[in-house]
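A structural walkthrough
So you can see what is in the structure, the chains are spelled out below.
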Amino acid sequence: MTQQADWDIVTDVGITALAVAAARAIDSHRPRPLVSDPYAELFVAAARPEPAMPVRPADATVPWQDMADYLGVRSRFFDEYFTAEKTGQAVLLAAGLDVRGYRLDWPADAVVYELDVPKVLQFKQNVLTDQSISARADIRPVDVDLRDDWPEALARAGFDRTAPSSWLAEGLLPFLPNDAVERLFTLVDELAAPGSRFAIEHVDIDVRELENLQPMASMAEDFGFDILEMWPSKTFAPVAWLADHGWRVTSTPIVAVAEGYGRPLRDEAAGLRHTVLINAVKS
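Everything quoted here is computed from the prediction, not taken from an experiment.

Quick look at the side chain of Asp37
With respect to the helices, strands and loops of the structure, Asp37 is situated in the loop between helix H1 (14-28) and helix H2 (40-47). In this structure the side chain of Asp37 is engaged in a polar contact, spanning 3.0 Å, whose partner is the backbone nitrogen of Tyr39. In contact with Asp37, other than residues within four places in its own chain, are Arg24, Ser28, Val99 and Arg103.

What follows is the structure in structure tokens.
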């Protein structure tokens, strides 16, 4: 077993989850939002990051506006993934401040497993409990570092590997080296029963090849945490891997998804335009 990660919501990788929440809050307050997340700004207010993160469109600089565009598109795509075809159990890998178990409609018997490090999950639960916010599904936090034996922890939480499940890897793969991504996919494949689904955000380029890294570079400067340093030097090919292992795969560039939603991503936001959004079904 590796030494468990000890970051919280304002340090290390945790700050990225808080930034995602701030961007969702910005989009939620727009006249025509792509995502409705009434809880995102509560997390930012409770964490009180330094410097402060904007949660309203009027306060957002251009990098934050670009992030809100991107996160609005990404969140809407994966919201539709969960609401289009429902399974009885959903697994959120590196759940962060995801609150889909609180803001989406679920079947009466749905179970949502949220996997992340203890301090991040506890922070989220404390904020939601303080605000008396009720879940719309059976939420089961699974305190685990994904480098450890998370399938065992998931099983202890009640996951049924004989029943179809819906999996989500959102905001996760860019921070894992290639061997860790392949291990993750192998474990999901082993645990997913036929009929299960897997939704994935994949950055289809080595970001070091880009001349313009906005808005990520600006945020790294603000918070002293360079997320670009965590990107692997080579990219894993999830579409080919899944197809080779018997999954039916659909892959759509995020620029096309954004245009379909009427929210095109600016050309200047080059660091965000090379993402593909993947939806796979296990045969």
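Read on for the rest.
Concerning the packing of H2 against helix H5 (residues 118-130)
Packing of H2 against H5 brings their axes to within 10 Å, and their N-to-C directions diverge by 110°. Regarding the angle of H2 to H5, the classification is roughly perpendicular. Side by side, H2 and H5 meet where Leu42, Phe43, Ala46 and Ala47 of the first sit next to Phe123, Lys124, Val127 and Leu128 of the second. Grouping the constituent residues of the contact of H2 with H5 by class yields seven nonpolar, no polar and one charged.

Side note on the packing of aromatic side chains
The tally for this structure, following the rule as stated, stands at 11 aromatic pairs. Every member of this aromatic cluster is reached through a ring pair, and the members are Phe185, Phe198, Phe236, Trp241 and Trp247. Sitting above the plane of the Tyr261 ring, Arg76 keeps its charged end 5.1 Å from the centroid. Here the guanidinium or amino end of Arg197 rests over the ring plane of Tyr81, the centre of that ring lying 4.2 Å away.

Re H5
Compared with the 18 Å implied by 1.5 Å per residue over 13 residues, the 18 Å span of H5 between its first and last C-alpha is a close match. If you check which residues of H5 are buried, you get Val120, Leu121, Phe123, Lys124, Val127 and Leu128. Buried residues in H5, looked at end-on, bunch into an arc of 160°, giving them a common side. Elements that come into contact with the buried residues of H5 comprise H2, helix H4 (100-103), strand S2 (111-116) and strand S3 (138-143).

So, the packing of H1 against H2
Axis angle and axis distance: for two packed helices, these are the angle between their axes and the distance between the axes, and together they describe the pair. Contact geometry of H1 with H2 gives a least axis separation of 7 Å together with a crossing angle of 130°. The orientation of H1 relative to H2 falls into the category oblique. In the crossing of H1 with H2, the sense of the turn from one axis to the other is left-handed. Across the interface between the two elements, Leu18, Ala21, Ala22, Arg24 and Ala25 from H1 touch Ala40, Glu41, Phe43, Val44 and Ala47 from H2. Looking at the contact of H1 with H2, its residues break down into eight nonpolar, no polar and two charged.

Cut-offs applied
- Residues numbered from 1 in each chain as written.
- Predicted model: local features only at pLDDT ≥ 70, side-chain atom pairs only at ≥ 80, totals over all residues.
- Heavy atoms only, no water.
- Helix = DSSP H or I, 4+ residues; strand = E, 2+ residues; numbered from the N terminus.
- Polar contact = N/O pair within 3.5 Å; in protein donor to acceptor, adjacent residues only side chain to side chain.
- Contact = heavy atoms within 4.5 Å.
- Axes fitted to C-alpha atoms, helices over the stretch in contact; angles between N-to-C directions.
- Parallel < 35°, antiparallel > 145°, perpendicular 65-115°, else oblique.
- Nonpolar A, V, L, I, M, F, W, Y, C, P; charged D, E, K, R; others polar.
- Phe/Tyr/Trp six-rings, centres within 6.5 Å; stacked < 30°, edge-to-face > 60°.
- Lys NZ or Arg CZ within 6 Å of the ring centre and 35° of its normal.
- Expected span 1.5 Å × (residues − 1).
- Buried < 20%, exposed > 50% of the residue type's maximum accessible area, 1.4 Å probe, protein only.
- Arc of directions from axis to C-beta.
- Left-handed = near helix turned anticlockwise from the far one by under 90°.

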